[in-house]
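Tertiary structure, described
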Amino acid sequence: VSVIGTRKPSTGGVILAKTVIAALANKGLVTVSGLALGIDQIAHTESIKYNIPTVAVLGNGIYVEFPKGSNTLKAQILNRGGTVVTEYLPEQLYSAENFVRRNRIQAALCNTLLPIEWEIKSGSAHTVAFAHKYNKKIAIST
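A brief structural summary. (Residues numbered from 1 in each chain as written. Predicted model: local features only at pLDDT ≥ 70, side-chain atom pairs only at ≥ 80, totals over all residues. Heavy atoms only, no water.)

1. Here's the deal with the overall build of the chain
Our working definition: A run of DSSP states H or I qualifies as a helix once it reaches four residues; a run of E qualifies as a strand once it reaches two. Both are numbered from the N-terminal end. The atom set for the radius of gyration is the C-alpha atoms, and the globule formula is 2.2 Å times the number of residues raised to the power 0.38. In this description, contact between two residues means that some pair of their heavy atoms is separated by no more than 4.5 Å. Counted as positive: Lys and Arg. Counted as negative: Asp and Glu, with His and the chain ends omitted from the count. Here the site of a charge means NZ on Lys, CZ on Arg, CG on Asp, or CD on Glu.
Looking only at helices and strands, the chain features 5 helices and 6 strands. Taken from N to C terminus, the helices and strands of the chain fall in the order β-α-β-α-β-α-β-α-β-α-β. Here the chain has a C-alpha radius of gyration of 14 Å; the compact-globule value for 142 residues is 14 Å, and the two agree. With respect to the principal axes defined by its C-alpha atoms, the chain has extents near 40 × 30 × 30 Å. By sequence separation, contacts in the chain at least 24 residues apart represent 71% of the contacts at least 6 residues apart. Both charge centroids of the chain, one from 15 positive and one from 8 negative side chains, sit 6 Å from each other.

So, in structure tokens, the structure goes:
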């Protein structure tokens, strides 16, 4: 299950993300997100809290710490049996184009996409478009 969304969630978005992840506990599922600030990091952190394996898909090389301070979360993901993946060279820096490409991987890895608090013109919208193209289930909250 890919859980994605805004980098600047509202209080309601944070609550929804935490509730969604809690509901996935003990279901034998794996979460996927992009390690970005906001909803992505909440998805990874809550997955760890509920012992749900989680996959972080990076938009940069594995040795590049982005966002700043994310190396601790990457280590927690790995230590709890999760995975960190990237298609970029180890030292390759991030770019807007890299994140769009990263979003296609998040969509490809899931059976269901759960976009939480996102705008029509956003990185999350790219992930939704890729999930639609790949015929994935997409849960839309209103």
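Here the narrative resumes.
2. Points about the nonpolar core
Going by this rule: The set of buried Ala, Val, Leu, Ile, Met, Phe, Trp, Tyr and Cys residues whose side-chain atoms join them within 4.5 Å is what this entry labels a nonpolar core. Per-residue accessibility, obtained with a 1.4 Å probe over protein chains only, is compared with the maximum for each type, and a residue is labelled buried under 20%, exposed over 50%, and partly exposed between these values.
Counting residues in hydrophobic clusters, the biggest one holds 13 residues, and the most contacted among them are Val 3, Ile 21, Leu 24 and Ile 116. Every element with two or more residues in this core is listed here: α1 (11-24), α2 (39-49) and β5 (112-116). For this core, the element with the highest residue contribution is α1, accounting for 4 residues. Apart from residues lying up to four places away in sequence, Val 3 is in contact with Ile 21, Val 32, Ser 33, Ile 39, Asp 40, Ala 43, Leu 114 and Ile 116.

3. Some words on the packing of helix α4 (residues 96-109) against helix α5 (residues 123-133)
What counts, and what does not: Between the N-to-C directions of two axes lies an angle of 0 to 180 degrees, each axis being a line fitted to C-alpha atoms and, for a helix, fitted only over the stretch in contact. Angular relationships are summarised with four words: roughly parallel below 35 degrees, roughly antiparallel beyond 145, roughly perpendicular across 65 to 115, and oblique for the angles in between. Left-handed describes a crossing whose near helix is turned anticlockwise from the far helix through less than a right angle; right-handed describes the clockwise counterpart. In this classification, the charged set is Asp, Glu, Lys and Arg, the nonpolar set is Ala, Val, Leu, Ile, Met, Phe, Trp, Tyr, Cys and Pro, and all remaining amino acids, among them Gly, are polar.
As a packed pair, α4 and α5 sit with axes 8 Å apart at the nearest point and diverge in direction by 45°. Taken together, the axis directions place α4 and α5 in an arrangement best described as oblique. The handedness of the crossing between α4 and α5 comes out as right-handed. Residue-level inspection shows Val 100, Asn 103, Arg 104, Gln 106 and Ala 107 of α4 in contact with α5, the latter providing Gly 123, His 126, Thr 127, Phe 130 and Ala 131. When grouped by side-chain class, the residues that make up the contact of α4 with α5 number 4 nonpolar, 5 polar and 1 charged.

4. With respect to the packing of aromatic side chains
Note the threshold: We call Phe, Tyr and Trp rings a pair once their centres come within 6.5 Å, taking the six-membered ring for Trp, and we label the pair stacked below 30 degrees between planes, edge-to-face above 60, and tilted otherwise. Remark: a charge is flagged as sitting over a ring if the NZ atom of Lys or the CZ atom of Arg is within 6 Å of the ring centre and within 35 degrees of the ring normal.
Counted by the stated rule, this structure contains 4 aromatic pairs. Ring centres of Phe 66 and Tyr 94 lie 3.8 Å apart, and the angle between their planes is 25°; this geometry places the pair in the stacked category. Linking Phe 66 in the loop between β3 (54-57) and α3 (71-79) with Tyr 94 in the loop between β4 (83-85) and α4, this pair joins segments that are 28 residues apart in sequence. A relative accessible area of 24% means that Phe 66 is categorised as partly exposed. A network of ring pairs unites the aromatic residues Phe 66, Tyr 94 and Phe 99 as a single cluster. The ring of Phe 99 carries the charged tip of Arg 7 above its face, separated from the ring centre by 5.5 Å.

5. With respect to unusual backbone geometry
Cis geometry is adopted by the peptide bond preceding Pro 67, which originates at Phe 66 and carries an omega value of -5°. With respect to the element layout, Pro 67 can be found in the loop between β3 and α3.

6. A word on the environment of Ala 56
With respect to the helices and strands, Ala 56 occurs in strand β3. Separated by 15 residues in sequence, Ala 56 and Gln 41 have C-alpha atoms that sit 9.1 Å apart. Residues contacting Ala 56, with those up to four places away along its chain left out, are Ser 33, Leu 35, His 44, Ile 77, Thr 83, Val 84 and Val 85.

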